[in-house]
Every structure is written in structure tokens, then in C-alpha cells.
Amino acid sequence: MTTAILKQTGTTAAKTPAARKPNRSFVHGILTNKKSLAGMAVMLVFIALALLAPVLFPGDPSRITAMASLEPSAEHWLGTTAKGQDVLALTVHGSRSSLFVGLTVGFASTFVGILVGLASAYFGKFIDEALSLVTNVFLLLPGLPLLVILAAFLPPGLGTVILVLVVTGWAGSARVLRSQALSIRSKDFVAAAVVSGERAGRIMFREILPNMASIVMGTLLACVIYGVGAQAGLEFLGLGDAGTVSWGNNLFWAGNEGALLTGSWWVFVPSGVCIALVAFALALINYAVDEVTNPRLRKIKTPKDTERSASK
Amino acid sequence: MRFILRRLGFYLIAFWASITLNFLLPRFMPGDPVSRMFARSQDRMQPEQIEALRKLLGVDDRPLWEQYMGYMTNIFTGQMGVSISRFPTPVTEVISSQIGWTLLLGGTALVIAAVVGNLLGVLAAWRRGGAVDSALPPLLVFIGSFPYFWLAMGALYLFGVVLNWFPIRHAFTAGLEPGFTWGFIGDVGAHLVLPALTIVLVSIGGWMLGMRNTMIATNSEDYITMAEAKGLRPSRIMLRYAARNAMLPSVTSFGMGLGFVVGGALLTEVVFAYPGVGYQLLNAVQGLDYPLMQGLFLTITAAVLLANFLVDILYVRLDPRVRSN
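Residues numbered from 1 in each chain as written. Chains lettered and ligands numbered in written order. Predicted model: local features only at pLDDT ≥ 70, side-chain atom pairs only at ≥ 80, totals over all residues.

**Q** A description of the interface of chain B and chain A should follow, citing residues and the corresponding values.
**A** Contacts between the two partners involve 40 residues from chain B and, on the opposite side, 33 residues from chain A. Among the secondary structure elements, those contributing two or more residues to the side of chain B that touches chain A are α1 (2-28), α6 (131-145), α7 (148-162), α8 (182-219), α10 (234-271), α11 (277-286) and α12 (290-318) of chain B. Of the residues contributing to the side of chain B that touches chain A, the split by class is 31 nonpolar, eight polar and one charged. (Contact = placed C-beta atoms within 7 Å. Helix = DSSP H or I, 4+ residues; strand = E, 2+ residues; numbered from the N terminus. Nonpolar A, V, L, I, M, F, W, Y, C, P; charged D, E, K, R; others polar.)

**Q** Talk me through the packing of helix α7 (residues 158-185) of chain A against helix α10 (residues 213-236) of chain A; I want residue IDs and the actual numbers.
**A** All names here are of chain A. The contact between α7 and α10 brings their axes to 10 Å, and the two run at 155°. When the axes of α7 and α10 are compared, the pair comes out roughly antiparallel. Read as a crossing pair, α7 and α10 show a hand that is right-handed. Contacts from V161, L165, G169, S173, V176, L177 and Q180 of α7 reach α10 at I215, V216, T219, C223, Y226, G227, A230, Q231 and L234. Within the contact of α7 with α10, the residues separate by chemical class into ten nonpolar, six polar and no charged. (Axes fitted to C-alpha atoms, helices over the stretch in contact; angles between N-to-C directions. Parallel < 35°, antiparallel > 145°, perpendicular 65-115°, else oblique. Left-handed = near helix turned anticlockwise from the far one by under 90°.)

**Q** Outline the confidence of the model for chain A, supporting the account with residue identities and numerical values.
**A** Residue and element names in this part refer to chain A. Per-residue pLDDT for chain A averages 78, and the proportion of residues at 70 or more is 86%. Within chain A, the lowest mean pLDDT, 39, falls on helix α1 (residues 2-19), and the highest, 89, falls on helix α4 (residues 87-123). Residue range residues 1-21 is modelled with pLDDT below 50. Its contacts to residues more than four positions away, or to other chains, number two contacts. Note that residues 301-312 has pLDDT below 50 and, in this model, two contacts with residues that lie over four places away or in other chains. (pLDDT = per-residue confidence, 0-100.)

**Q** Provide a residue-level description of the nonpolar core, including the pertinent values.
**A** Among the nonpolar cores identified, the biggest contains 160 residues, and V148 of chain A together with A152 and M293 of chain B are the most heavily contacted of them. When residues of this core are assigned to their parent elements, the largest contribution, 18 residues, is made by helix α12 (residues 265-293) of chain A. With residues near it in sequence (within four places) discarded, M293 of chain B still touches I149 and A152 of chain A together with L281, A284 and V285 of chain B. (Core = buried A, V, L, I, M, F, W, Y, C linked by C-beta atoms within 7 Å. Buried ≥ 20, exposed ≤ 12 C-beta atoms within 10 Å, placed from the backbone.)

Below, the structure written as C-alpha cells:
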């Protein structure tokens, strides 16, 4: 009990100087952090590629332009598929659908998470109990099988993919955001806002929400990573929207056409590496957010560590 | 005891929710699953089986609540209907023949990943800034960024096709007689290596980072300083004092990991054609085998909930604070 109190006073004391300009110091921290800079650079490249895809590779990327299964060459930088499509065009165009679905799923599930988390924390009591119950049930239901079942019953299409991913993805963010919102809910300034008669919506979105910006950002990044990966997984299983060109669909066709069994690794590698790069870049930004907001994770040598390494 | 009862109540609610979801999905989805399914298997099915299937999937004229009661009764008496793609085997029989493989694959991978990951996490936190701490986390996060199925296919290509070290599909060599003979066990083990290794590879990073971060917090506790002051051996402080207390969050993750075992092995099983419940679930989806799909989903959910409940009981055993509340 005493340690809990000590911890609490410790954190509030540490936060006081930063509290004056919370946003500027956070943005400054993010912009000077090497990890986040590297992550943002990679993301910018991919977003630029996605936007410029129709200019770089005009026309339908899945049309057949060359001989089948050509190795990478000057003409086709990443070779061609077993059907004779240009792999580079497919990969660059694939970024459009993958990033779009990833970002949409990320924003939508974070939004649902914010609504549920804030409502839980602000209203408390019965509403909190009920919302927490629903959140925990969704967290516990096995995600991938649920994804597969939902995708099997719903009519195939891009809307279904997004809906299914949001349904399975929101609960994690709701739980994280709820616990953060709960701790802010108990602060004095929220009590003051309640006493001064502010409306519930205003307190939730203008008083509580701005104070958990960094957690919301971390959650958003995690949700986008989930969205990009889970879309690829669904499409790889053949349950996505077969009509679009995306990284997941590229891999589905690579698997279906036996690209690996015939040794055409160039069909298989690019889309997977792109998904990994996007996920890694977002994870880097996420770690940077963690490091900037959680001083314990920063790479500072505590006296204890120096002592220990000195005694070695 | 109250804690356990509350958790039990929660799991029952969760299970009820998944049954209800299963009940509602085919009834409120656009399109008619039954007619799609009949088109495939009309000639092989008996009229009374068609009738039973209509009831299971809600294509009958009874009021909704009556259908619901009937559905619940069927579930709890273990009547999940007959599989369409493996006609006329009952769904329960198909599932029970396959859940063992999933448990074997997922269990092996989970135990290896949890043990090795936690040990690495302990080491990383103990020597902060050392080789383990600075090199491994970024590497593991990078590996974890790849889509799981992509890594699995890569491993299958490299070790199965190019190097030909391990078998690439199924759980044992076709034609081998299953039994407790060394030959068969060795064969199953060889088939297990690639699928299990790929799961370990992608999941180990999470274990390690989680353990590392809890350990860093634990290392700054007073009793660690006290133990150092007493002059205890560092290895003893690390394992018996710090790691033991930092283990608790990992126990919870282990429960969630058990859920991943049954549900998440789906992609692994698909890539390696491993005959577990996940592989069967995808086959059921592709074959429009709705009864099997529903049975598999319920089985997987039940397994996940049961695993989490067992971990809760273990948790009460490990953490006295839960008992006193």
C-alpha cells in the first residue's frame, strides 16, 4: 500500500515540469528520437509509392505483359509471375490496398476503443461492468478462427474485410485505453470539471482524451500493424477481396501458383518484405513513443547499472 | 475462492456469447448457406439429415426463441450434426480425431517459446545494454514484423524443398502405422520441427520483451538492493528474487498463449498441411461445411476458455494478493 502511494507521488512529481507544455515536449521527443525518425522515413516512402502508383505504373497492374516466370532483369526489375504479370507493378500497386485497409482498420478500431474506454472510465459502475465484460469476451474469443468464420458467412468484398478486422481488433485497444482513462478520471481537474457542470461529452473528449494522447497514438500504431498483417493473413487464406491487388493477394497467388515449388522466389519475396517493413517501421515509431513517455525505458545508465558493470 | 467463482462466471458468459454468435451468424447473414450447401451434396444426403441441417442452420419455420432453445440443447448434449465435406461422419468425430495434433503442435511451440523467451528476457534485463539486450530485441521485433505465413512458407522452401532436411507436409509419413513405436514417434517429431520452429520464431520476441520490461521494474525494488547488500550470489538474486516476481505477467500471457495455440496455429497448419483443427476449419470454410465450421469454432473457443480458467487457478496459487481480495 505504501509503495503504491510512493509510486504515485513519484510519478506526479516527475510529470509536473513536463505538464506545462506536454504536447511540445512530446512532439520534440518524437522528432529527435532516432527510432521514430527511421520509422517515419520508411512510412513516408511507402505512402509516396502508394500515391504515385498510377503514375509510376500506369494501367492495370495485373495485366499480362511478358513471358511467365521471368527472373529479375533490367526490363522487369522484380521478374514476372507464373501468369506473366510484372511483380514490381503488382507490389507497388499492392501498397495502395494494404495501406488503405491497414489505416482504415487502425483508425476505426482505435476510435471504437476510445469510445468504449472513455465511456467505461467516465460513467463507471454498471456501464463500466457491462462494457468491460464485452471487451474481455472479445479479447478472449480466439481471433483468427473468429476472423475466418465471419469472413466465411459475410459476402466477400473490401467492406467485409474491414468490418471483420475491426470487429476482432477493437477490444485490445479498448482495454488499454480504459485503464489509462480510469487513472485520469480520478484526477482532481476532472472532478472540478464535473462539479462545474460540464457536459459528459465535453469532459470525455476535451478534458480526459487530450491527456492520454500518447497512449492513443501507441494504440493506433498497434492497430494499424494488426490491420495490415491480418488483412494479408485473410487474403492468404483466400478469404479476402479477391478483386483487388494487394500484398496479401499477391502472396495468395504466389502460393497458389506454386511460386516457391518452382523456385520463383522473386514472386514471393517482395510483398512479404513490404508488409514486414511497414510493420517494423510502425513498431519503431511505437517504441519511440514508449521511450519518450516512459522514462524507465530510456537508455540512461542508473547508478545501479554502472556499479554492476564496474564490479564485473 | 470468490475470485475463482467470478472468473468461472465470466468464462461461462463468454462461452454463451460464442454459442449465441454461432447461432445468430447463419440466421442473420445475407444469402442462404443451406441452399448453397445443398447444391453441393444433395444427392448424398438423406431427407432426415437435410431436415436436421435445416434446423441447425435455422432454415425452418419455428419462432426464433424456440430454435435457440433447441440449438442450446443440441450443443450441450454434444449433437453438432453431420459433416458435409466428410459425409456422413459426425462433426464431433471429425474434431476429436484432429484436436490432438493441434495440441501437440501448439503445446510444443508454446512451451519452447515461453521458456526460452523468458530466460532471454531475464538475461537482457539483468545485463542492460549488454549483448543480449542490445542485439536480440530489435532482431526479434524485425522477424516478428514479417507476416507469419510468409516466414513459414520461406522456412518450408528453404529447409524442406531446397535443403530437404525436414518433411514439408502432414503430421506423419503416409502409410506409417500410428502407434507408440520409436519409428512413428521419430517420424512425428521430424514433421513437427518446421511448423513448431516457425511459431517459436515469431512468438519468442513478445515473451522476451514482456519479461525484460517487467524485470527492469522489479530490479529497482528495494528487496533486490537488500539481497545485494546481503551479499547473495548474482545468479541467485537474478533467478530467485527478481525473475520469480517478474514471472507473474508471463503466467497471464501463458494463458493467452494457450488460446493462440488452439486458434492461432491455423496459419501454420494451413502452410504445412498439418492435420489439426485450424487446417480443418479452413477446409470446412472452403467446402461450405457449415456444421463442421460451427463445431470447430465452438471447440476452439471452449479449449481457449478452459485453458484460461486453469491459468487463473494457477495464478491464485502463485499470487497471494489475489486470495486476500
